[in-house]
Amino acid sequence: MDGNGRWAKQQGRRRLFGHNAGAESVRACCEYAVEHGIRYLSLFAFSEENWSRPEDEVSGLMKLMFKSVLEERETFRKNNIRFRVIGDRSRLPADLLQAIDAVQQETAGHTGLTLIIMLSYSGKWDILQAAQRYAADCLAAGRQLPLDETGFGNLLATAGIPDPDLMIRTSGEQRISNYMLWQCAYTEFYYTPVLWPDFRKNDLEQAIQSYNQRERRYGKVE
Ligand code: FPP
């Protein structure tokens, strides 16, 4: 969800104004996903690297997350949305963690869209914590345990969630920026110059149309 800062700057406003406007795009994309039966939508809301942003921006973003999680409770209930947050919990404020846990629990039985907020997340962090868990399991077992791609995938923070089919990056940047590094092995990428606060249902539709025209060969020949 890139481009909030630039969008705010264009309006002569502070960066947090852009993040607030970005929350509206989150809503629009969730609505689209529900309307079109998309099973999983994950949003990169805050990276491990984002912790080094100015203190007021970080605390403003955490407050926005807190407010959004609580405000959307009713939407999740009405629309059968399962809410998940994935990332390094150790760095998140206690009140936000409490709100996240409550809403995750409340929506755990929902069977419609799974909405995943990647918060305090980075792809390298995820791979590292999976490797650490594997090492701890080996130590506990007193031997080297067998490990294959499926097994490693189950140690990642995204265990149980299918790898993304489509990754959309807004604001004209064309990088992965430490997102789901393992999980994006065969993901289709879509880049758009649209800044995140301007990204609405029609933009998501365009991205999906582009995806639908692609041929996915997974390294094989037709
Ligand atoms: C990146 O744009 C955006 C973020 C670091 C924050 C994204 C958060 C939201 C959209 C808030 C709403 C989220 C939820 C889940 C309710 P940037 O700040 O890097 O923009 P720039 O590249 O133009 O500076």
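Keep in mind the model is a prediction, meaning the values are calculated, not measured.

The rules behind these values
- Residue numbers run consecutively from 1 along every chain, following the written order of its sequence.
- Reporting in this predicted model follows two pLDDT cut-offs: at least 70 for local features of residues, and 80 or more for side-chain atom pairs to be given and counted; totals over whole chains, interfaces and linings ignore these cut-offs and use all residues.
- The side-chain figures draw on all heavy atoms in the structure; neither hydrogens nor water molecules are used.
- Strands are runs of DSSP state E lasting at least 2 residues, helices are runs of H or I lasting at least 4, and numbering of each runs from the N terminus.
- Our radius of gyration looks at C-alpha atoms and nothing else; its globule reference is 2.2 Å times the residue count to the power 0.38.
- Per-residue accessibility, obtained with a 1.4 Å probe over protein chains only, is compared with the maximum for each type, and a residue is labelled buried under 20%, exposed over 50%, and partly exposed between these values.
- Contacts: residue pairs with any heavy atoms within 4.5 Å of one another.
- Note on areas: Shrake-Rupley with a 1.4 Å probe; residue coverage comes only from the protein chains shown.
- Every angle, taken between N-to-C directions, lies between 0 and 180 degrees, and every axis is a line fitted to C-alpha atoms, over only the stretch in contact when it is a helix.
- Angular relationships are summarised with four words: roughly parallel below 35 degrees, roughly antiparallel beyond 145, roughly perpendicular across 65 to 115, and oblique for the angles in between.
- Left-handed describes a crossing whose near helix is turned anticlockwise from the far helix by less than a right angle; the clockwise case is right-handed.
- Only Asp, Glu, Lys and Arg are considered charged, only Ala, Val, Leu, Ile, Met, Phe, Trp, Tyr, Cys and Pro nonpolar, and every remaining residue, Gly among them, polar.
- Strands are labelled as partners when DSSP assigns at least two bridges between them.
- The path from the first strand over the helix to the second decides the hand: if it runs clockwise while the strands point away from the viewer, the crossover is right-handed.
- The term salt bridge refers to a side-chain nitrogen of Lys or Arg lying within 4 Å of a carboxyl oxygen of Asp or Glu.

Asks: Sorry, what's going on with the overall build of the protein here?
Replies: Of the regular secondary structure elements, the protein holds 8 helices and 5 strands. Its helices and strands taken in sequence order, the protein reads α-α-β-α-α-β-α-β-α-α-β-β-α from the N to the C terminus. For a compact globule of 222 residues, the expected C-alpha radius of gyration is about 17 Å, and the protein comes in at 18 Å, within 12% of that figure. Looking at the protein as a whole, 45% of its 222 residues are labelled buried. For the protein, restricting intrachain contacts to residue pairs at least 6 apart in sequence, the fraction spanning at least 24 positions comes to 72%. Accessible surface for the protein amounts to roughly 12300 Å². Of this, 50% is attributable to carbon and sulfur atoms.

Asks: Please explain the packing of helix α3 (residues 55-71) against helix α5 (residues 94-107) as it appears in this structure.
Replies: Pairs of packed helices are described in terms of their axes, by the angle between the two and the distance that separates them. Where α3 contacts α5, the two axes come as close as 10 Å, and the packing angle between them is 25°. On the basis of the axis angle, α3 is roughly parallel to α5. Crossing hand, α3 versus α5: left-handed. Note on element contacts: α5 touches α3 through Asp95, Leu96, Ala99, Ile100 and Val103, opposite Met62, Met65, Phe66, Val69 and Leu70. Taken together, the residues of the contact of α3 with α5 sort by class into 9 nonpolar, no polar and 1 charged.

Asks: Before we go on, may I ask you to explain the pairing of strand β2 (residues 82-86) in this structure?
Replies: Where a strand is regular, its side chains alternate between the two sheet faces. Examined bridge by bridge, β2 and strand β3 (residues 114-121) share 5 bridges and lie parallel to one another. Each residue of the ladder has a partner; that of arginine 84, found in β3, is isoleucine 116. Handedness of the crossover joining β2 and β3 through α5: left-handed.

Asks: When you look at the pattern of salt bridges in this model, what are you seeing that I'm missing?
Replies: Side chains bearing opposite charge may pair, as long as their charged atoms lie close to each other. All told, the structure shown has 19 salt bridges when counted by the stated rule. The closest approach of N and O atoms between lysine 67 and glutamate 71, which form a salt bridge, is 4.0 Å. With a gap of 4 residues between them, lysine 67 and glutamate 71 both fall in helix α3, about one helical turn apart. A relative accessible area of 43% places lysine 67 in the partly exposed class. Residue classification places glutamate 71 among the partly exposed positions, given a relative accessible area of 47%. Between glutamate 74 and arginine 77 there is a salt bridge; the shortest N-O distance is 2.6 Å. Highlighted residues: glutamate 74 and arginine 77, both in helix α4 (residues 73-78), separated by 3 residues, approximately one helical turn. The class for arginine 77 is exposed, based on a relative accessible area of 53%.

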